[in-house]
Amino acid sequence: MSKKRIGVFGGTFDPPHVGHLILAMEASDQLNLNKILWVLTPDPPHKRGKKITPIDVRIDMVQAAIEDNLCFAFSTVDIERPGPHYVVDMMNLLRNEIPDDDLVFLMGGDSLHDLPKWYKPKDFIGACDKIGVMRRPDEEIDLCDLEDELPGISKKIEFIDAPLLEISSNQIRYLISANKPYRYYLPFEVFKIIEEMHLYRDEFED
């Protein structure tokens, strides 16, 4: 039986938006992924002290965002364990759960630049079969310096040509807080949850 290629798309997803879906779609197509696991991070170490929507609400939003795509699946691997939630630990847990398939971690070019500062970056690279890097049209990524710091990483990287999308969860939260239009940045089911629960209304108040 041939190995499946499983994408791993992690994030806070606060909220999940159409940019996330478009990038996941491009990754699935360009890297020939059989499935993409959306891994919701409950307590990201790099966002300590920042306001984050409760985990049960974010679970509902992610599940609503991906429910109509059979190639997308929601993973509870990070939710079912205590923090801190480092990516290397999550990948090792997935490796134990899915030992026979190839795991392709998906990240942006900015995250790739910061990789040497991650927790146990060499162990993280070892836990990935491949690393799918979303490369913007205007982005040049030089792997030489990165290879010096993390030997062997170049062989793991597969680039994804991502469209230029100036959409972020932070931007959407700001629009909602400022009472600006935001409907079409989001899948409709996510928009409905935000409206019904009045989320992000005071996000940027002093």
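Residues numbered from 1 in each chain as written. Predicted model: local features only at pLDDT ≥ 70, side-chain atom pairs only at ≥ 80, totals over all residues. Heavy atoms only, no water.

A. Here's a closer look at the overall build of the protein chain. Within the protein chain one finds 9 helices and 6 strands. Taken along the three principal axes of its C-alpha coordinates, the protein chain extends 50 × 35 × 35 Å. With 206 residues in all, the protein chain has 45% of them scored as buried. Across the protein chain, contacts joining residues at least 24 apart in sequence account for 75% of those joining residues at least 6 apart. Here the protein chain has roughly 11100 Å² of accessible surface; of this, 49% comes from carbon and sulfur atoms. Charged side chains in the protein chain number 24 positive and 37 negative. The centres of these two groups are separated by 2 Å. (Helix = DSSP H or I, 4+ residues; strand = E, 2+ residues; numbered from the N terminus. Buried < 20%, exposed > 50% of the residue type's maximum accessible area, 1.4 Å probe, protein only. Contact = heavy atoms within 4.5 Å. Areas by Shrake-Rupley, 256 points an atom, 1.4 Å probe, with all protein chains shown as cover. Lys, Arg positive; Asp, Glu negative; His and termini not counted. Charge placed at Lys NZ, Arg CZ, Asp CG, Glu CD.)

B. Just the environment of D142, in detail. Considering the arrangement of structural elements, one finds D142 in the loop between β5 (130-135) and α6 (143-149). Taking the relative accessible area as the measure of exposure, D142 reaches 52% and is therefore exposed. Sequence separation of D142 and Y119 is 23 residues, and the distance between their C-alpha atoms is 22 Å. A polar contact of 3.0 Å, which involves the side chain of D142, links it to the backbone nitrogen of C144. (Polar contact = N/O pair within 3.5 Å; in protein donor to acceptor, adjacent residues only side chain to side chain.)

C. Structural context of the pattern of salt bridges. A full pass over the atoms with the stated rule returns 9 salt bridges. Note that E189 and K192 form a salt bridge whose closest N and O atoms lie 3.5 Å from each other. Of this pair, E189 and K192 are both found in helix α9 (residues 188-197), 3 residues apart, which corresponds to roughly one turn of the helix. Its relative accessible area of 31% is what places E189 among the partly exposed residues. (Salt bridge = Lys/Arg side-chain N within 4 Å of Asp/Glu carboxyl O.)

D. Representation of the nonpolar core. Formed by 35 residues in total, the largest nonpolar core has its most connected members in I36, W38, L106 and I194. Put simply, the parts of the chain that give this core at least two residues each are α1 (18-30), β2 (35-40), α2 (55-66), β3 (72-75), β4 (102-108), α8 (169-177) and α9. Here W38 is in contact with F9, F13, H20, L21, A24, V62, I66, F72, A73, F74 and S75, once residues within four sequence places are set aside. (Core = buried A, V, L, I, M, F, W, Y, C linked by side-chain atoms within 4.5 Å.)

E. Summary view of α2. End to end, α2 covers 17 Å across 12 residues, agreeing with the expected 16 Å (1.5 Å per residue, within 8%). Residues of α2 that are buried in the fold lie against α1, β2, β3 and α9. (Expected span 1.5 Å × (residues − 1).)

F. Broad picture of the environment of A65. When you line up the elements, A65 lands in helix α2. Taking C-alpha positions, A65 is 24 Å from E97, a pair spaced 32 residues apart along the chain. Ignoring any residue separated from it by four or fewer positions in sequence, one finds A65 in contact with P16, L21, P187 and V190.

G. Just the pairing of strand β1 (residues 5-11), in detail. In terms of residue burial, β1 counts as a mostly covered element, since 6 of its 7 residues are buried. Where β1 and β4 come together, 4 bridges link them in parallel fashion. Directly across from G7, in β4, lies its bridge partner V104. With 6 bridges connecting them, β1 and β2 associate as parallel partners. Residue pairing in the sheet places F9 in a bridge with W38 of β2. (Pairing = 2+ DSSP bridges.)

H. Region of the structure containing unusual backbone geometry. The peptide bond linking D14 to P15 adopts the cis configuration, its omega dihedral lying at 5°. Topologically, P15 is positioned in the loop between β1 and α1. Its identity as a non-glycine residue notwithstanding, N32 has a phi of 55°, on the positive side. Assignment of secondary structure puts N32 in the loop between α1 and β2. Positioned with a positive phi, H198 is a non-glycine residue whose angle comes to about 55°. Position of H198 relative to the elements: it lies in the segment after α9.

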